[in-house]
Amino acid sequence: EPEVTQTPSHQVTQMGQEVILRCVPISNHLYFYWYRQILGQKVEFLVSFYNNEISEKSEIFDDQFSVERPDGSNFTLKIRSTKLEDSAMYFCASRDRGPASINEQFFGPGTRLTVL
Amino acid sequence: RKEVEQDPGPFNVPEGATVAFNCTYSNSASQSFFWYRQDCRKEPKLLMSVYSSGNEDGRFTAQLNRASQYISLLIRDSKLSDSATYLCAVNINAGGTSYGKLTFGQGTILTVHP
């Protein structure tokens with residue numbers, strides 16, 4: 001069964017450093033998402049990406065964040081200068097074409113980011 | 001008021017019990033509704049989509065009440081393996097365009113004990 005994969009599973013970084021989180025969505029999917037979940041809190045939407053551009057982003061997704069789909073298979077989230085409060089689990093998700101009402105978003109296993 | 005709100009629980013029930021969770025949403029432009037299951041430190045996995053007419057999948061029944069803006073999940077004959085956090089998720093179609101962004105509730109913790 002096709003699945004979304006994410007690397008690394010755990011990333012530890014120093015405050016102020018740049019990190020890149022990587023995702024390989026399911027191959028024929030067209031819509032891509034990043035969500036984050038701070039420990040003990042709810043899953044929060046960060047950004048959606050469709051047709052090689054950001055389609056929607058949340059207030060969390062400020063200038064420190066960027067996304068890219070550099071080669072048609074990987075989908076990356078970059079945090080330019082990490083803060084302590086960026087520590088969270090970051091989930092990538094993807095879904096197929098068609099209305100959002102009927103198409104399941106498939107989530108990857110997540111990258112746990114720890115900022116020291 | 002939070003966009004999507006759930007009773008955080010925890011719900012502790014014996015095996016075989018029936019348990020129900022509710023989730024309320026505040027935005028009337030909400031278009032589609034889902035229940036996800038999340039095991040500890042794992043990704044959310046879709047349990048059920050929720051349709052206006054209600055839908056059932058084995059021991060699980062989901063219902064939607066648009067007038068009162070809530071959705072529910074009923075689990076019958078609970079199993080130990082049902083222990084998890086249940087997340088309500090809503091796709092809001094404001095302005096006529098939706099790329100599928102999901103807004104999640106904070107989750108309801110269920111523990112099923114022998």
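This text goes with the structure placed above it.
A quick note: this is a predicted structure, and the numbers were derived from the prediction, not measured.

### Description of the overall build of chain B
Looking only at helices and strands, chain B features zero helices and eleven strands. In chain B, the succession of helices and strands from N to C terminus is β-β-β-β-β-β-β-β-β-β-β. Relative to the compact-globule value of 13 Å for 114 residues, chain B shows a C-alpha radius of gyration of 14 Å, a close match. Projected onto the principal axes, the alpha-carbon positions of chain B cover approximately 50 × 30 × 25 Å. Burial status across chain B gives 46% buried among its 114 residues. Looking at chain B alone, contacts between residues at least 24 apart form 59% of all its contacts between residues at least 6 apart. Just so you have it, chain B exposes about 5300 Å², and 47% of that area is on carbon and sulfur atoms. Across chain B, the mean location of the 11 positive side-chain charges is 4 Å away from that of the 10 negative side-chain charges.

### A word on the pairing of strand β9 (residues 88-95) of chain A
All names here are of chain A. Where burial is concerned, most of β9 is hidden: eight out of the eight residues are buried. The alternating pattern of β9 places Ala88, Tyr90, Cys92 and Ser94 on one face and Met89, Phe91, Ala93 and Arg95 on the opposite face, and all of these are buried. Here strand β4 (residues 31-37) runs beside β9; their pairing, made up of seven bridges, is antiparallel. When the bridges of β9 are listed, Arg36 appears paired with Tyr90. Inspection of the sheet shows β9 paired to strand β10 (residues 106-107) by two bridges, in the antiparallel sense. Residue pairing across strands places Ala93 opposite Phe107, the latter belonging to β10.

### Points about the state of the cysteines
What makes a disulfide is a covalent bond joining the sulfur atoms belonging to two cysteines. Residue and element names in this part refer to chain B. Scanning the model with the defined rule gives two disulfides over all chains in all. What pairs with Cys23 in a disulfide is Cys88, and their sulfur atoms sit 1.9 Å apart. Residues Cys23 and Cys88 are joined by a disulfide whose S-S torsion is about -65°; by sign, that bridge is left-handed. Pair noted here: Cys23 is in strand β3 (residues 19-25) and Cys88 is in strand β9 (residues 84-92), with a separation of 65 residues, a long-range link. When sorted by exposure, Cys23 lands in the same class as Cys88, which is buried.

### Focus: the interface of chain B and chain A
Taken together, the contact between chain B and chain A spans 19 residues of the former and 23 residues of the latter. Summed over both partners, the interface of chain B with chain A comes to about 1900 Å²; 60% of that surface belongs to carbon and sulfur atoms. Taken together, the links from chain B to chain A amount to one salt bridge. Measuring nitrogen to oxygen at the nearest pair gives 4.0 Å for the salt bridge that ties Glu56(A) to Lys101(B). The interface formed by chain B and chain A holds four residue pairs in polar contact (both at pLDDT 80 or more) in total. Every element with two or more residues in the side of chain B that touches chain A is listed here: β4 (30-38), β9 and β10 (102-104) of chain B.

Thresholds applied
- Residues numbered from 1 in each chain as written.
- Chains lettered and ligands numbered in written order.
- Predicted model: local features only at pLDDT ≥ 70, side-chain atom pairs only at ≥ 80, totals over all residues.
- Heavy atoms only, no water.
- Helix = DSSP H or I, 4+ residues; strand = E, 2+ residues; numbered from the N terminus.
- Rg over C-alpha atoms; globule rule 2.2 N^0.38 Å.
- Buried < 20%, exposed > 50% of the residue type's maximum accessible area, 1.4 Å probe, protein only.
- Contact = heavy atoms within 4.5 Å.
- Areas by Shrake-Rupley, 256 points an atom, 1.4 Å probe, with all protein chains shown as cover.
- Lys, Arg positive; Asp, Glu negative; His and termini not counted.
- Charge placed at Lys NZ, Arg CZ, Asp CG, Glu CD.
- Pairing = 2+ DSSP bridges.
- Disulfide = S-S within 2.5 Å.
- Buried area = accessible area lost by both parts, 1.4 Å probe.
- Salt bridge = Lys/Arg side-chain N within 4 Å of Asp/Glu carboxyl O.
- Polar contact = N/O pair within 3.5 Å; in protein donor to acceptor, adjacent residues only side chain to side chain.

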